[in-house]
Each structure stands twice: as structure tokens, then as C-alpha cells.
Amino acid sequence: MSQPNKAAVEHYSRLIERLLEKKIEPIVTLHHWDLPQALQERYGGWKNDTLVGLFEEYAAFCFNTFGSRVRYWLTMHNPYLMAVQGYGTGVHAPGEVGGPSSSLIVAHNLIRAHAKAWHTYNTHFRPTQKGKISIVLGSHWVEPQRGQATTANVELCQQSVEAVLGWFANPIFGDGDYPVSLRIKHGALVPTFTPEEKLWVQKTADFFALSFGPNNLRLGRSLVQYGQTVTPVLRRILSWIKLEYGDPRLLVAEGGWFSEASVEREDTVPIYLMKSFINQVLQAIKFDGVQVFGYIAWSLVDGFEWNYGYTVRRGLFYIDFNEPNRTRTPKTSAQYYQHVVAGNGFLKDKTFREVKGRFPCDFHWGIADSTLQVHFDPFSPQYTDPHLYSWNLTGDGSLLPIPGVKLPIRPAQCTDYLAIRSHLRLFASTGASHYRFALNWSLILPHGDLSNVNTEALRYYRCVLTELRKLNLEAVVILYYPSHRAPNLGLPGPIHASGGWLNYSTVEAFQEYAALCYQQLGSWVRYWITINEPNRLVDIYSNAKEKHQAAHNLLLAHAKAWRLYEREHFSQQRALVSLALHADWAEPANPFLDSHTAAAQRFLLFELGRFLDPLLGTRYEEKHSQGGYPKEMRAYLDERARVMGLPGSPLPTFTDTEKEELRGALDFIALDHFTTRLVSPYPHTQDSFQQKEPPDHDCLTLSDPTWPSSSLGQATVPWGLRKTLNWVNQRYGRALPIIVTASGVDDQAPVEDKLRQHYLRSYLQEALKAHHLDRVNLQGFYMWKLQDRHVPQFGLFTSNQHQSKAKASVAVYREIITHSGFPEDDTVRTCRLSELRERCSACEWMFKNKAMLVFGGCLLVTAVMLTALVIFVVITKRNQRRGRGRRTNRMHRRRRREGVPVCSYPSVLKR
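Everything quoted here is computed from the prediction, not taken from an experiment.

Visitor: How do you make sense of the environment of A169 when you look at a structure like this?
Guide: Here A169 shows up in helix α6 (residues 151-173). For A169, a relative accessible area of 0% puts it in the buried group. It is 7.4 Å that separates the C-alpha atoms of A169 and L137, two residues lying 32 residues apart in sequence. Ignoring sequence-local partners within four residues, the contact set of A169 consists of L137, G174, F208 and Y245.

If you want it as C-alpha cells, here you go:
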């Protein structure tokens, strides 16, 4: 063995000393694909078993030189990549293309070299240095595709992991030999261990060290067949190791991802992949009992990534290779990792703490549905059929109408529709007080105008509303519920054919439709929503100009419908009118970048401000401001048009008359909130505009992989609701009430819908915090939705062959409603009576003394009646005397005319 490089030894010695001074544990890898060139040229590298002995000598030198200061040793890093890509495919150094036979020989020598180093440490150095030694093994994770978890596919997944991780792990952590599947696949090419070597190789690791990154996943994809998929699920490979190799202590010795060089230090995606990996490690520890004792992020600084060169970066620190001193700048992923390390994981946010309290007595406890299904067929034809029938006794026993005989029939009744009562009976069983549903514009006015009014549809809706009233329940009725599917976006066919919301004539048609609904149904409706989620409807339009024009006309249509109600119906019907907006929260994807914070605010302006600012202005503007779209939104679109070389912003403008019509045309703020989205600036590359037009707000949305998600991918982020309510409250003030008119999550469980139960409690907790702690004028919360259509999804009730069954979340919702929230105790408050007592001391006294008041009232009524009777008798007698006097006078005048003497004595008058 030649003399060691003194400068190199001193360098590593200083490095270890500095780490220890800073209380950083050094974990030293002996061989990370950096074989000396001389050994490659002299022996042919790892194909030659001579290197087994040479590696033992090198390891012994390092143990002797540095071992007193090192507690953790790793002999090699990911020998699989070294064997396959270095000697099999030639992608990595030394670049030999020897195929499977060469890779198998190299792997055999690497395993033996590792075992020799371990035995050397165990025999000569462990007694004094007390350290631990292992080898870093890389792996992917593969599992059956959804719906294809057959026995054969599971076995193929097992073989795929054995072909990578098991190749090296089975000899060291298993039975001392290669997996059977490897021998079946490669046959005689697989080297053999003697019985003595099996015992010698076996258990030559003090802990299991795992590498899990993009290189392993890329290689894994070449090892799967149809029916399997490679996924970056670290938790499952950790659990697999525990089950396969007897629950060893485990170190994630490499975990991380990469970003493109152009990203530089603003590496948002690696933050969430790092968060996902670390979160999966935490889950493996907490839920699966895996003994993970450490996680090492890969890597500290950007470096040369083999065949990718410097085009991809994997470091926490960005290196500018154009600078002579190679400037190193921390990336945002380094800032995030610093937070994780400082908190030793994910600290629970203080905002997650539960609060106790009740919602106000006039709070809406609601359930929201989409367009109500209309069933016109009555259940009792005997009342609608005028014919009289007789049995055909001599024939087939059928009923035959008697000719010429017609019986009177009764008018159609609401009770004819069994579907209404059964549907509303489900609703009433939840304890909710408000039911939100939508009318069908194209059903009521098939031609889009009053030339053809479907009176049966209106009668059906009247029956729904009257049945709700009988149950003492409130209706919240949507005039127009857009459909994102064919046909016609929920518009009457002729209106859609004439351009739909791109044509101003639709605004006028909507006003005519609204007038009909107000007139026919308004007596039973206290809350109207003109248009549901216009901000989602505009998404279907293909370009920015159409999106803005459609939004413009939708706003005008709402304003006209609102003004019409105020002018012609409010004085008698007294309902409140609004429009409902989809209002998911926008969180900056990268909290360390101002550009992401600005993007999230811009996203909210385009989503909510575009529709609310023209109607409400903002609390920062004067009451009689100029009106129109948010000034920030217009300024951004003007600047964007200038940068892109466009003639001008695609945002339309309102006339002064339209601004006046829009201003104040809202009685409450209706928000549909379901989840939270991470928002980042849209990445503009040289050809991004040619491939696809970016959204007009220039934002990209993504989801945190660590957030709990439903089967449809909806993230459950309760605090997003509170942030949304606060954003609206801060921008528009507390004058108007806010109602969450739809909120819910899909859950595939047919009965025990635990995700929805968690959603209900956690989201209503955040709603309570917004109301109590933040003083948000919140007056309602509506769950989406009442009943499933076909499969378990968003419904509170299942629907299986028309047999509905309550899910567990119904009881949870009913309990919260019964207690008006989350009180300190479990007492049930009769809300209205209690509220009256609190607000009126005189009323409280009256309630306590009601018996005395009733008795006193009876005495008072009796006295009044007696007084009235006395007055009546007196007046009657007086009128009688006056009547007799008038009759006597008339008699005297008649006698004088006839010349008859008049006697003036009373006795004569009495006779």
C-alpha cells in the first residue's frame, strides 16, 4: 500500500474537527463511486476481486486515522447504481457496458468488500471506538396500479424491489444469499456464496442505511411491467424493510430531489418533496413502528450530476459556477430544512388549538345541493284519471274503461309528489335549518324567453318550497347553477346558441327569467342567489378575452336581477339577494419568496375581488368610489399586456350607469369553500407561451403532498377557511354578513365516513375561531351535500337503489347543530328563547312571572268587558228615551195638522 495523501488526510481531519466544534455528528462514507483511477487501470476496477482486499486496507486506515472522532461509518453509497450504471449500462464512471453479467460480478465483489471492512472494524476498532458501521442501499418503491392489485401483480412488485434493494440487502440483512427471484431471472450468471461466506456476509451491518431519490426511481421504472407503477412513497419502502429484515434500526442516508438549473435558489418543488419524504418518515415511525433514527438531506451544495452535468441541481445551497469563487447561496429549500431541523419535525401550529363557544342564534345551519331533480309524475293516478273501470271477468282480468262515463277529478296536490316529502324528510333529520338548492333555467324557460313557460316545473318548485315552509325550514334558492358539462352550460338552448355569456343579450334574458321566478316563487323564499360560482364558470372559456367578457356579463346579469328585486319585490317579500363565489384559500407555495406571496394575493383578486370589488368597493376606498374592477388587477393586466406586446388589457370597462347599478347590489357575501391551494408565479420559459397560454392571473396552483387528501385529491386544510373569511372581512369590512354556502369533502366510505367527520369538526372549529376571535360577521355554514347520486362521495346520505341511509357524519353534524357549536359543556340551549332572555330584561321578568301575568290579564279583560257592558246598557237606555221622545213629537205634529187636541200629561203619554 502506497503512502496516503497527507494534504487530503489533514483536510478531512480539519473537517471532522470543525463539525464536532459545531456539535454536528460526522457520518463518514468510505467509498462514494470515487475509485482511484490507478486501480481501475491496473485491475479493471470492481470486476476484479483484488479490490476486496485493497478496500479492507483503505477502510482500516480510515478507521485508525479518524475513528476516534467518528461514530457512524458507511462503507459504500448505493452499490446498485455503481454495479449497474458503472459496469452494466456505462452511464456512470467507469462507463463500461458489460451488461448483467458484469454488473452481477461487480455487485458480488462490492458486497464482499463491505463485509471485510465491517469485520475489520468489528474486530479491531469497535472495542475502543464504540462506533457503528453499515452500507447505504438504494431503492425505488413499486406497487400495483389502482384496481390491479392481483396476486400476480403483487408478486411482480416484490420481485422488482428484490431486483434492486434485495440484491444487496438479502445477503447482508437476510439469509446471507441472493433473493431466489434474482437467481431465477439471471440463472448461472449470478455468483454464489459458499456456506462459510454466507455466514461471513450475513449481519455485517449495525443499522440499515437507505438511499431514496430520483436515480433509484428512474431505474425502477425499467423493472416494472404492465399493472405496476413506481411511486415516491418512502413510508412504504421503510415498512417493507421492517417486515422483510426483522425490524432493524434505520437511517435515511439520502433523501431529496432535484430542480432545473434555471430555478436557481427559488426551488419550490424540492421543498414539498422534502416535506413529503420527512413526513413519510414521521408516519413510518408513528404509525408503522419503524425504527428510523435519522434523515440526511441530499445534498449540501450543487454538484456534477453524472450524465446530467450541471443542468440539474440537488444542493441546498446554490453554486454559481460562472463566478471564480463559486458563490454559494442558500436556496429556499435550505431555509425550509432549517425550520424542520429547529423544530425536530413539524411543530403543531398554535392556530390548530380548539376553542369553545357557540354560534349566534340566527346562524344558518344548512345543506347545499345543486339543481334539484324534478319528478313530475304524481303517485296517485286515481285522482287525475276521470275514467270509470270495470273488470273484464271473462277475458284476461284487465280493467276496461266504461264508455261515456267521466268522473270529476281533484286538482293536483303537492302531496302527489312522494319524492319531495322523502327528500325533505332526509334533510330535516339532520337538524339543519336552511336548504340551498338550484332551479333549472333551461327547464323553466326552454326557449329562453316567456314564449314557453313550463308551469309544471314552477308548480313543482312551489311544492318544494311550501313543504319546506310546513317543516319550518328556510329555502336558499339559486336562480342559475352553471353546468360545466354539455349541453349548454345550464343555459336554455337558444341562449347558448346565440353566444351565451359572451353576448349581452343573455344579461337581459336572465333578468326576464329572474323576474318570473321572483313573481312565482318569491313568497316562500327569504334568500336568493342569482348565479352560483361565476368565477368557476369562466374557466371553461379558452382565452383571456372571453373569460373577462363572460365575467363582465355575469356581473351585470346579477346586478340587474338584484335591482329588479329591490325595485319590485323587496317591499312585499323582504328577501336577501346575493351571488355565490367559489372561495378556496390561496397560500404562497414558497413562504420564503415575496413573488409567491404576491402571486397568492393576485390569485385571490382574480378569484374574488373581480366580482366583489365592483359590488362592494373596499373598506380602504371612499364610500362613493369610482367603482369597477380591483385597481391592482387592472394595473397588473395593463403591465402584462405591455410586456407581451399586446395592444391593451383584455379587461372590459363598466359605463358610469353600470357602475351605479353594480354598486351595493349585494345583501350578503356567499362563499363556497372546500380546500386550500398553493400558489406560485407561472414559470415563463422561452417557449411557454407557444405551448399553452398561461392563466390571466399568471399563477400556478399545486397541493402540499403532506396535507390529508380525499380520494379525489381534495386537500383537507381547515385553517384555509379561517384565512379566507379574514381576507374577505379585511377587504370589505363587517357590514355585510358572510355565509359559507357550500363546504364538504368526498369520502368513499358508505357509512363510517371518518374523513368527512374530521372535516366537519375541524372546518367548523375554524369557522368558530373566525367568528369569535377575529370578529368576522359569519352567519351560516352549509354542508355539501345531502345525498349521493350513485357511489359514496360528497353526500351525507347514501343512495342505493333509492334506499337512503345516513352516514356517521350526519350524527356529528346534528350534534354540532344541537349545541350551536362547541360549548364548554354539553347542555342543549333552546337558542331563540335564550337569546330573547339575554337581550330583554323585561322579557325575562315576564317569563318568570307568566302565571301572575295570565291571572292579571284575565282580571283586566273581565273588568274591561264589564265596563263595556255597563256603557252599552246606559247608551241603549238613553237611545231608547230619545227614540220615544222623537216618536211623541212626531205624533203631536200630526195631531196638530189634523186638529186633534194634544194632552201634555205624562199619564196620557204613557198610555
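Visitor: Quick question: what am I supposed to make of the sheet that holds strand β3 (residues 132-138) here?
Guide: For sheets, the rule is that strands pair by backbone hydrogen bonds, running either parallel or antiparallel. Read across the sheet, six strands follow the order β1-β2-β3-β5-β7-β9 without closing on themselves; strand pairing throughout is parallel. This sheet does not close on itself; its edge strands, each paired only once, are β1 (27-31) and β9 (291-297). Adjacent strand axes in the sheet meet at a mean angle of 30 degrees when their direction is disregarded. Pairing between β1 and strand β2 (residues 72-77): four bridges, direction parallel. Across the sheet, the residue bridging to V28 is W73, located in β2. Its contacts with the sheet place helix α5 (residues 99-129) against β2 and β3, and it is angled at close to 155 degrees to β3.

Visitor: Explain the nonpolar core to me, please; I cannot follow it from the model alone.
Guide: Most often, soluble globular proteins keep nonpolar side chains buried together rather than apart. F437, L439, W501 and W528 are the most contacted members of the largest nonpolar core, which has 222 residues in total. The contact partners of L439, leaving out residues within four places of it in the chain, are T371, I444, Y461, V477, I478, L479, Y513, C517, L521 and W528. With seven residues, the next largest nonpolar core counts Y72, L74, A209 and L251 among its residues.

Visitor: Teacher, can you tell me more about helix α25 (residues 719-732) here?
Guide: An α-helical segment advances 3.6 residues per turn. Residues three or four places apart therefore align on the same side. Helix length check: α25 (14 residues) gives 20 Å between terminal C-alpha atoms against 20 Å at 1.5 Å per residue, within 8%. Buried residues dominate α25, accounting for twelve of its 14 residues. Within the sequence span of α25, burial applies to W719, G720, L721, R722, T724, L725, N726, W727, V728, N729, R731 and Y732. Trailing α25 by a residue or two, G733 shows a phi angle of about 80 degrees, which is positive.

Visitor: What is the right way to read the sheet that holds strand β24 (residues 699-702) from this model?
Guide: Taken together, three strands build an open sheet; the order of strands is β21-β23-β24 and the sheet is mixed. The open sheet terminates on both sides in strands that have one partner only, identified here as β21 (585-588) and β24. Averaged over neighbouring strand pairs, the angle between their axes works out to 45 degrees when direction is ignored. Here four bridges tie strand β23 (residues 676-681) to β24, and the two strands are oriented antiparallel to one another. When the bridges of β24 are listed, L678 appears paired with L702.

Visitor: Looking at this structure, how should I read a nonpolar patch on the surface?
Guide: A contiguous nonpolar surface patch, about 360 Å² in accessible area, is contributed by Y389, W391 and L399. Counting through the fold element by element, Y389 comes out in strand β15 (residues 387-391). With relative accessibility at 36%, the residue Y389 sits in the partly exposed group.

Visitor: Help me understand the packing of helix α4 (residues 79-87) against α5 in this model?
Guide: The axes of two packed helices give the description: the angle between them and the distance between them. Running from N to C, α4 and α5 cross one another at 145 degrees; their axes reach a closest spacing of 8 Å. Considering the relative orientation of α4 and α5, their crossing is right-handed. Contact residues: α4 offers P79, M82, A83, V84 and Y87, while α5 offers G99, S102, S103, V106, A107 and L110. Counted by class, the contact of α4 with α5 contains eight nonpolar, three polar and no charged residues.

Visitor: Can you walk me through the pattern of salt bridges in this structure?
Guide: A side chain of one charge can pair with a side chain of the opposite charge when the charged atoms of the two come close. Tallied over the entire structure, the rule returns 39 salt bridges. One salt bridge in this structure joins D539 and R536, with 2.7 Å as the shortest N-O distance. Looking at D539, the relative accessible area reads 40%, which means it is partly exposed. Its relative accessible area of 18% is what places R536 among the buried residues. Residues participating in the shared-partner salt-bridge network are D177, R183 and K198.

Visitor: Even after reading the chapter, I still don't get unusual backbone geometry, so can you show me in this structure?
Guide: For residues that are not glycine, phi is negative in most cases, and the peptide bond is trans in most cases. Of note, the amide linkage connecting A93 to P94 takes the cis form, showing an omega dihedral of 10 degrees. Along the chain, P94 turns up in the loop between α4 and α5. That bond from W298 to S299 is cis: its omega, -5 degrees, falls within 30 degrees of zero. Inspection of the secondary structure assignment puts S299 in the loop between β9 and β10 (312-313). A positive phi angle, close to 60 degrees, is found at L489, a residue other than glycine.

Visitor: What am I meant to see in the side chain of R722 here?
Guide: Assignment of secondary structure puts R722 in helix α25. Separated by 2.7 Å, the side chains of R722 and D774 make a polar contact.

Visitor: Looking at this structure, how should I read the confidence of the model for the chain?
Guide: Low pLDDT means the predicted coordinates in that region are not meant to be read closely. In this model, the chain carries a mean pLDDT of 88, and residues with pLDDT of at least 70 account for 86%. Across residues 833-848, confidence stays below pLDDT 50; counting only partners more than four residues off in sequence or on other chains, it has ten contacts. Between residues 900-911, whose pLDDT stays under 50, and residues either more than four places distant or in other chains, the model counts ten contacts.

Visitor: Would you take a moment to explain the packing of aromatic side chains for this structure?
Guide: Between two aromatic rings, the relevant description is the distance of the centres plus the angle of the planes. Counted according to the given criterion, the structure contains 43 aromatic pairs. The interplanar angle of 85 degrees and the centroid separation of 5.7 Å between the aromatic rings of F212 and F277 together place this pair among those described as edge-to-face. A residue pair is termed long-range when its members are at least 10 positions apart, and F212 in strand β5 (residues 208-212) and F277 in helix α11 (residues 268-288) qualify at 65 residues. For the residue pair F212 and F277, the accessibility class agrees, reading buried in each case. Members of the aromatic cluster, connected to one another through ring pairs, are W441, Y480, W501, F510 and Y513.

Visitor: I keep staring at the side chain of T706 and nothing clicks. Help me out?
Guide: As for its position among the elements, T706 is in the loop between β24 and α25. Under the relative-accessibility criterion, T706 is labelled buried at 17%. Within the structure, the side chain of T706 is placed 2.7 Å from the side chain of D704, a separation counted as a polar contact. Contacts of T706, omitting those with residues within four sequence positions, involve K275, S276 and N279.

Rules and cut-offs
- Residues numbered from 1 in each chain as written.
- Predicted model: local features only at pLDDT ≥ 70, side-chain atom pairs only at ≥ 80, totals over all residues.
- Heavy atoms only, no water.
- Helix = DSSP H or I, 4+ residues; strand = E, 2+ residues; numbered from the N terminus.
- Buried < 20%, exposed > 50% of the residue type's maximum accessible area, 1.4 Å probe, protein only.
- Contact = heavy atoms within 4.5 Å.
- Pairing = 2+ DSSP bridges.
- Axes fitted to C-alpha atoms, helices over the stretch in contact; angles between N-to-C directions.
- Core = buried A, V, L, I, M, F, W, Y, C linked by side-chain atoms within 4.5 Å.
- Expected span 1.5 Å × (residues − 1).
- Patch = residues over 30% accessible without salt bridge, like charges linked within 9 Å, V, L, I, M, F, W, Y side chains within 5 Å.
- Areas by Shrake-Rupley, 256 points an atom, 1.4 Å probe, with all protein chains shown as cover.
- Salt bridge = Lys/Arg side-chain N within 4 Å of Asp/Glu carboxyl O.
- Left-handed = near helix turned anticlockwise from the far one by under 90°.
- Nonpolar A, V, L, I, M, F, W, Y, C, P; charged D, E, K, R; others polar.
- Polar contact = N/O pair within 3.5 Å; in protein donor to acceptor, adjacent residues only side chain to side chain.
- pLDDT = per-residue confidence, 0-100.
- Phe/Tyr/Trp six-rings, centres within 6.5 Å; stacked < 30°, edge-to-face > 60°.

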